[in-house]
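Structural characterization, general
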Amino acid sequence: ETGVTQTPRHLVMGMTNKKSLKCEQHLGHNAMYWYKQSAKKPLELMFVYNFKEQTENNSVPSRFSPECPNSSHLFLHLHTLQPEDSALYLCASSQDSQSYEQYFGPGTRLTVT
Amino acid sequence: GENVEQHPSTLSVQEGDSAVIKCTYSDSASNYFPWYKQELGKRPQLIIDIRSNVGEKKDQRIAVTLNKTAKHFSLHITETQPEDSAVYFCAASLMEYGNKLVFGAGTILRVKS
């Protein structure tokens, strides 16, 4: 259960705040993903990084800015969010972007007030 | 792009009965179909997957079937137990372009003892 960790686990922020979500994987993987999980909606893929290079931006608004400094760490920088951005943000990793199984972190529960 | 529909949204079964969850996908090129289980407050975890060159796969009480012609796949859980209670997500991906999973909306399975 400690293969993929996320901090913080809970975050409340105002619409004018700037905050960052952090994901770290200890599995030696080379691909990392950000997903958004909203109530009663499918998990939505946001970004994919493979060997530190962004390979997918699934039409995500620019108020979400990812950063992948190395294969073990992934950040999601947040600024001027909207209340509808409140959701569970899940990080995942896989051996590489061609690998089948993705390992998820526990998520960050984000509330935008 | 790919679109995955999942039914039912909720399913209640008696302990020991079978449960079936169905998904349809729109992109006939998709070739990888995993199922993830998410227990309350926990991270999604892969429980079984199937690739397009196989029609059925079984792992103990869990089985998945794939009908490529009809573009649908199903999860079958036999002899259900209370610990099977969770949200189940199906997903589809075209692996040639990286594992960019498109998820269904999820099925809440409740096993009543």
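For the structure, check the block above.
Residues numbered from 1 in each chain as written. Chains lettered and ligands numbered in written order. Predicted model: local features only at pLDDT ≥ 70, side-chain atom pairs only at ≥ 80, totals over all residues. Heavy atoms only, no water.

On to the pattern of salt bridges. If charged atoms from side chains of opposite charge come close, those side chains can pair. Enumeration according to the criterion identifies six salt bridges over all chains in this entry. When the shortest N-O distance is used, the salt bridge between Lys100 of chain B and Glu56 of chain A registers 3.1 Å. Placement of Lys100 of chain B in the loop between strand 9 (86–92) and strand 10 (102–103) and of Glu56 of chain A in strand 6 (residues 53–57) is noted, with the two residues assigned to different chains. Residue Lys100 of chain B is classed as partly exposed on the basis of its relative accessible area of 27%. A salt bridge links Asp49 of chain B to Lys57 of chain B; the shortest N-O distance between them is 2.9 Å. Take Asp49 of chain B: its relative accessible area is 9%, and that puts it in the buried class. You can call Lys57 of chain B partly exposed: its relative accessible area is 37%. (Salt bridge = Lys/Arg side-chain N within 4 Å of Asp/Glu carboxyl O. Helix = DSSP H or I, 4+ residues; strand = E, 2+ residues; numbered from the N terminus. Buried < 20%, exposed > 50% of the residue type's maximum accessible area, 1.4 Å probe, protein only.)

So, about the interface of chain A and chain B. Between chain A and chain B, the residue contacts involve 22 residues of the former and 20 residues of the latter. Both sides together, the interface formed by chain A and chain B hides about 1,900 Å², and carbon and sulfur atoms give 51% of it. On inspection of chain A and its partner chain B, the count reaches one salt bridge. Between the two partners, chain A and chain B, sit eleven residue pairs in polar contact (both at pLDDT 80 or more). Only strand 4 (31–37), strand 5 (44–50) and strand 9 (87–94) of chain A provide two or more residues apiece to the side of chain A that touches chain B. Ranked by residues supplied to the side of chain A that touches chain B, first place goes to strand 4 of chain A with three residues. (Contact = heavy atoms within 4.5 Å. Buried area = accessible area lost by both parts, 1.4 Å probe. Polar contact = N/O pair within 3.5 Å; in protein donor to acceptor, adjacent residues only side chain to side chain.)

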